[in-house]
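Structure assessment
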Amino acid sequence: MGHSENEAYTCVLTDTFQMLNHQVSPAARALDCTACHETTSRMDLQGQLGYGLKAAEAVVCSDCHGAKANPGFASVHRKHVTDKQYGCQSCHTFSRPERNLK
C-alpha cells in the first residue's frame, strides 16, 4: 500500500458486501469477464457459489418474455442489468440492494 514498515497504523472493523474488485489484475493483464462467467472451467459460479438461476432458464425467461436464444452471459447481463436496470432477484435467488436496481 506504499506505507513504510515504521509508519503507525490502526486496525478497524469493517463490513464488506460482495466486493466487485475480484482481485483483478491491471486492465492490460486482466481476463475478460466471460473467462469466468461463461464457463465452469475456472470456477463453478452456479454450482459452488450459488449464482444459479432461481428456476430453469426457460421458466425464468418466460416470466418476462417468450422463448429466445441465449446469446451468452455477457449479452444477457448487459441487456437486463446494465440497460434495463433489473435487479439480480429477477433471475436469481439473491439480490444486491446496494446497486439500487429495480
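Up top is the structure.
Below is a short write-up of the structure.

Our focus in this paragraph is a nonpolar patch on the surface. Residues Met43, Leu49 and Tyr51 make up a contiguous nonpolar surface patch of about 250 Å² in total accessible area. On the secondary structure map, Met43 appears in the loop between helix H1 (34-37) and helix H2 (57-62).

Applying the stated criterion to the full structure yields one salt bridge. One salt bridge connects Arg96 with Glu98, and the closest N-O pair in it is separated by 2.6 Å. When its relative accessible area of 9% is taken as the criterion, Arg96 is described as buried. Since its relative accessible area comes to 42%, Glu98 is described here as partly exposed.

So, on to unusual backbone geometry. Of note, the phi angle at Gln85 is positive, near 65°, even though the residue is not glycine. The residue Gln85 is located in the segment after helix H3 (73-83) in this model. Assessed through its relative accessible area of 35%, Gln85 is described here as partly exposed. Unusually for a residue other than glycine, Asn100 sits at a positive phi of about 55°. Mapped onto the fold, Asn100 is located in the segment after H3.

Parameters and conventions
Residue positions are given per chain, counted from 1 along the sequence in the order it is written. Predicted model: local features are reported for residues with pLDDT of at least 70 only, side-chain atom pairs are reported and counted for 80 or more only, and whole-chain, interface and lining totals are derived from all residues. Only hydrogens and water are set aside; all other atoms, that is, all heavy atoms of the structure, feed into the side-chain values. Each patch groups residues whose relative accessible area exceeds 30% and which form no salt bridge, using 9 Å between like charges and 5 Å between nonpolar side chains of Val, Leu, Ile, Met, Phe, Trp and Tyr. Residue-level accessible areas treat just the shown protein chains as cover; the underlying method is Shrake-Rupley with a 1.4 Å probe. Definition used for salt bridges: Asp or Glu carboxyl oxygen within 4 Å of a side-chain nitrogen of Lys or Arg. Secondary structure is summarised from DSSP: a helix means a run of H or I of at least four residues, a strand means a run of E of at least two, and numbering begins at the N terminus for each. Burial status follows relative accessibility: with a 1.4 Å probe on protein chains alone, a residue under 20% of its type maximum counts as buried, one over 50% as exposed, and anything between as partly exposed.

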